[in-house]
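Topology and contacts: notes
These are the residues of each chain, in order.
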Amino acid sequence: MQAWAAGWTVLAVLASVRLLRAAGQSEASVRNGYRWFAVAAICIAAGAIVQQAFGGLAGGAQPLRLADLISLAALPALAIGLATLTSRPGAGDHDDAAGARAVHAGTARGMLVDSCLLSGALFVVLLVTLLGPDYVPAEIGRAAFALALIRPVADLVALGLVLRFSVRSIRLTALPVLALLAITVADSLAVADRAAGQVPGLGSQLAVAAALLLLALAPAGMPGQAGTDGSSHGSRGLAAMVSSPVTRFVQSDNAWSSPATVAALAATAAAAVVVTGFAIAGRPLLARPLAAAGSVVVLLLVARLAGLTRQASAVAEAAHESDWMFRALAGATSDTVLICDLAGTIEYASQAVSEIGYSPADLTGRQLAGVVHPEDRPAAIRAAVAGLRADAGTAAFAGRVRGADGSWRHVEATVSRYGETGEPARLLITARDVSDRVALRRQLTQLTYHDGLTGLPNRAYVEERVRDFARGHDSGAGDLELAGAGVVRAGVVGAILVDFDGYAAVNEIAGHAAGDLVLAQAGRRLRAAVPPDATVARWGSDEFAVLLGPDQPPAGQDVIELAERLAGLIAAEPFSVAGKEIALTASVGAAVADADEPAHVLCNAETALAKAQEAGGGRVEVFAASMHAEAERRLELTAELGRAIADHELQIDYLPIIDLTSSQVRGVEAVVRWPAAGGKFSPAEFLAVAEESGLIVQVSGWLLRQACRQVAAWQALGTPMGLSVTCAVRQAGGPGFVSSVLCALDEAGLPPEALTLEVAERVLTQGPRSIVADLASLRGKGVRLALDCFGTGLVSLASLRNSAVDAVKIDASYVAGLDADPTLAALTRSIIQLGRDLGIEVIADGIERPEQRWRLESMGCVLGQGAGLAAPMPPGELGLSPAVQAGDAACTTAS
């Protein structure tokens, strides 16, 4: 007895320690479940020890002693532990709220019947195999035998109760349920010993030890991560809306395949086999208890079978209703809905197929592949395979299908698996006709990358091609649908820029319509003169660009000869416009670069073109690294600018930004002036040199700090004022740029919303990602961003929608050509309208004359700046109130 007590104590301690240690490393529900299992283990061991060690009311062979009560306390502890353990999220198949709402009310009744049926069947088995043979030779009274049956019967009731919890996650509950089964066996084996007036024997004691050992091993069934027993299902669109509730109903309420029902029916069958076998063998049977228990089991079995029949009928009705709901939803949606078998035969088509000219009867029975464009069929097959995978959810497909009139229509579709569990797999396809959207996108692409006057590609197109060359591939097959695509090969890239000399005089003498005709003729003439694989584009107002290679790589001399031929072609034959002969010459700049480094070829061609124009026009210049004159001048300017910064010769003027409707000053733009240079260097020239040399960082930092102080002083004196400052690339790319801007604002006491940083278009389109990220960070803190000189760089109207800016400044060239050039006027109007639609502030730069102001105001432009409104001036000359002017003086003194 002492050995058994010691063994049970060791097993109880081992089980408790393992369970409590696992509880400390688990989520709340698992932690509480294991704690209850530890309580059950202690109760089992304590009850067995007390029964063996004590007599009288505490223990011994008689039933209903203290030891029995202690052992019986393990049953609710096990049941509570199993219920808590299986309540964890993802532990079962029916834990989601949507699934719980879909479960039929009969499920709870069916589970109760299953529990009772299992308990009754197991009782019959025990009554025949163990309890009956114990009762017959013992010759004890019925009352005493009934008392001896209390613990086995209680164990069977507990097994029936935990059935609904154990089927939720067999992996988690298998070992605790087996422990409960071992307790049932132990208590059943003890009936014979108790009937004979003895304490439980060896078999019962081994079963108790097995129960403790199984509880100790229970943490081994815990998965590595919560929720691994559950299953997640992707959304299946329209199919999910209809079939998901039915699927949950079938899976949760179909007791034919429920583990609980299978266990109950298996136990009933086992009971029938055992009773039959014992009767045939002539073994002793307890007739009256067996008849009573068997009658109960038969009644429960009949009730369960009736419930299963009702559920099968409900499932069939739900499936019919699901099909009706699906067809109703498919008919109500504007998208086309198709159902196909795995062979691709269309079984169902919704009324929406009329959008492409079919009726549902036209498509039913046809092969889906017959209406898909041959080039898109491989993608359609891949989408179908992906949609059929159980874990894929839906797959997307975009392609062309044939309409009833024979035309190809662009569609976007989703493909998913359709059908209940156990049914043959089918495909559910929902498609939408996007032909209009595709046509609009192509039209926008044409407008964005082609010139409307000449029909040639525009500057954005050429620059995009050069970027593609730099990336090592051609963009002709991409989304831009650029012409002239080819396979990139080694060689050189050549660029030629052609500018018409004196073209402005054509507009003045013959009118802009005649000038447009000249440009159209020039485009056709150039296109006919260059190789077929070359790209001819309109580069600017009266400039054309020719891009050669690298798909048919030219030699460097070929580029030079073509440039000279183009210049001669323009000068050799006058242009005929409205009966007039207009003779023109052209300045031509040419450059070549290696095919693997084409990024600068356009810039080099522009430099060469500038040289040709400076030389008087009508000539060809080829870019060469030996052009030192400009470099020497830039070196001189760099040295003098550095000295001017050290001697504090630079000053800040403020260009007012005017409200065109009220003529009020809404803000100022801070600009750098160098009076001591005496006009030797223009602001644009010395700022460009500052950018190249890196001095711009020092200049821009000083400008930002001083301007912030000045505007903060104006605001402190009651004048609301915004500040705009040009942000150079070198400045934005320098270390600590963001902190320097924020420090300047903080030191001046100027709110971030009052500062607008003006950046060039190329900073956002071609700048390093770090610069773009820093600008976005400042914008996130309230600093405004504006695109400077909009319309001259790479940002098109189409891409302005995606630009993270708060304002755009229309380039002065647009404003200058408002009255003379209808195209510029139309573009300006489009920019203003687009800015208003996108909530982007639009500022017109370079307003020189009242007519320009009135024209811009009529277009809806609110803000403007330029000499025609107010020239840049020192802070004291802005015409503000005397108090503000006094603040100006104080601020200047502080600076």
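The following refers to the structure shown.

So, about the side chain of Lys809. In this structure, Lys809 sits in strand β18 (residues 807-810). Here Glu669 takes part through its side chain, which lies 2.8 Å from a polar atom of the side chain of Lys809. Setting aside its immediate chain neighbours within four residues, Lys809 contacts Glu669, Glu758, Leu787, Asp788, Cys789, Phe790, Ile843, Asp845 and Gln865.

On to helix α32 (residues 850-859), then. Buried residues of α32: Gln852, Arg853, Leu856 and Met859, and no others. For α32, the arc enclosing every buried residue in end-on projection is 125°, short of the 170-degree limit, so these residues lie on one face. Facing away from the buried side of α32 by more than 90 degrees, the exposed set consists of Trp854 and Ser858.

Right, let's talk about the environment of Pro675 for a bit. Mapped onto the elements of the fold, Pro675 is located in the loop between β14 (665-673) and α23 (683-693). Given the relative accessible area of 47%, Pro675 is considered partly exposed. Distance from Pro675 to Leu650, taken between C-alpha atoms, is 7.2 Å for residues 25 residues apart in sequence. With near-sequence residues (within four places) excluded, Pro675 lies in contact with Glu649 and Gln651.

With that out of the way, let us pick up the pairing of strand β19 (residues 841-845). With 4 of its 5 residues buried, β19 lies for the most part within the structure. Where β19 and strand β20 (residues 863-865) come together, 3 bridges link them in parallel fashion. By the bridge assignment for β20, Ile843 is matched with Leu863. Handedness of the β-α-β unit built from β19, α32 and β20 comes out right-handed.

What follows covers the packing of helix α26 (residues 737-748) against helix α28 (residues 769-780). Relative to each other, α26 and α28 sit at 30°, their axes nearing to 9 Å. On the basis of the axis angle, α26 is roughly parallel to α28. α28 is crossed by α26, and the crossing has right-handed handedness. Here α26 contributes Phe737, Val738, Val741 and Leu742 to the contact with α28, which in turn contributes Asp774, Leu775, Ser777 and Leu778. Here the contact of α26 with α28 is built from residues that sort into 6 nonpolar, 1 polar and 1 charged.

Next up on the list: a nonpolar patch on the surface. On the surface, Leu178, Leu181, Val185 and Leu189 cluster together into a nonpolar patch covering about 290 Å² of accessible area. Relative to the helices and strands, Val185 resides in helix α9 (residues 170-195). We classify Val185 as partly exposed; its relative accessible area is 37%.

A few words now on the environment of Leu180. Structurally, Leu180 is set in helix α9. A relative accessible area of 2% means that Leu180 is categorised as buried. Sequence spacing of Leu180 and Leu215 is 35 residues, and the spatial spacing of their C-alpha atoms is 9.3 Å. When neighbours within four sequence positions are excluded, Leu180 is seen to be in contact with Leu75, Leu78, Ala158, Leu159 and Val162.

With that settled, consider the packing of aromatic side chains. Under the criterion given, the structure shown has 3 aromatic pairs. Aromatic pair Phe500 and Phe575: ring centres 6.1 Å apart, planes at 75°, arrangement edge-to-face. Of this pair, Phe500 sits in strand β6 (residues 492-501) while Phe575 sits in strand β9 (residues 575-577), placing them 75 residues apart in sequence. With a centroid separation of 5.5 Å and 70° between ring planes, the pair formed by Tyr654 and Trp714 is classed as edge-to-face.

This brings us to the sheet that holds strand β5 (residues 426-433). Read from one edge to the other, the open sheet built from 5 strands follows the order β2-β1-β5-β4-β3, with strand pairing classed as antiparallel. Every interior strand has two partners, whereas the edge strands, β2 (346-349) and β3 (394-402), have only one. Geometrically, the sheet is characterised by an average inter-axis angle of 30° between neighbouring strands, direction not taken into account. The pairing of strand β4 (residues 408-418) with β5 spans 8 bridges and is antiparallel.

Thresholds, definitions, all that
- Residues numbered from 1 in each chain as written.
- Predicted model: local features only at pLDDT ≥ 70, side-chain atom pairs only at ≥ 80, totals over all residues.
- Heavy atoms only, no water.
- Helix = DSSP H or I, 4+ residues; strand = E, 2+ residues; numbered from the N terminus.
- Polar contact = N/O pair within 3.5 Å; in protein donor to acceptor, adjacent residues only side chain to side chain.
- Contact = heavy atoms within 4.5 Å.
- Buried < 20%, exposed > 50% of the residue type's maximum accessible area, 1.4 Å probe, protein only.
- Arc of directions from axis to C-beta.
- Pairing = 2+ DSSP bridges.
- Right-handed = clockwise from strand over helix to strand, strands pointing away.
- Axes fitted to C-alpha atoms, helices over the stretch in contact; angles between N-to-C directions.
- Parallel < 35°, antiparallel > 145°, perpendicular 65-115°, else oblique.
- Left-handed = near helix turned anticlockwise from the far one by under 90°.
- Nonpolar A, V, L, I, M, F, W, Y, C, P; charged D, E, K, R; others polar.
- Patch = residues over 30% accessible without salt bridge, like charges linked within 9 Å, V, L, I, M, F, W, Y side chains within 5 Å.
- Areas by Shrake-Rupley, 256 points an atom, 1.4 Å probe, with all protein chains shown as cover.
- Salt bridge = Lys/Arg side-chain N within 4 Å of Asp/Glu carboxyl O.
- Phe/Tyr/Trp six-rings, centres within 6.5 Å; stacked < 30°, edge-to-face > 60°.

None of this, on its own, says anything about what the molecule does.
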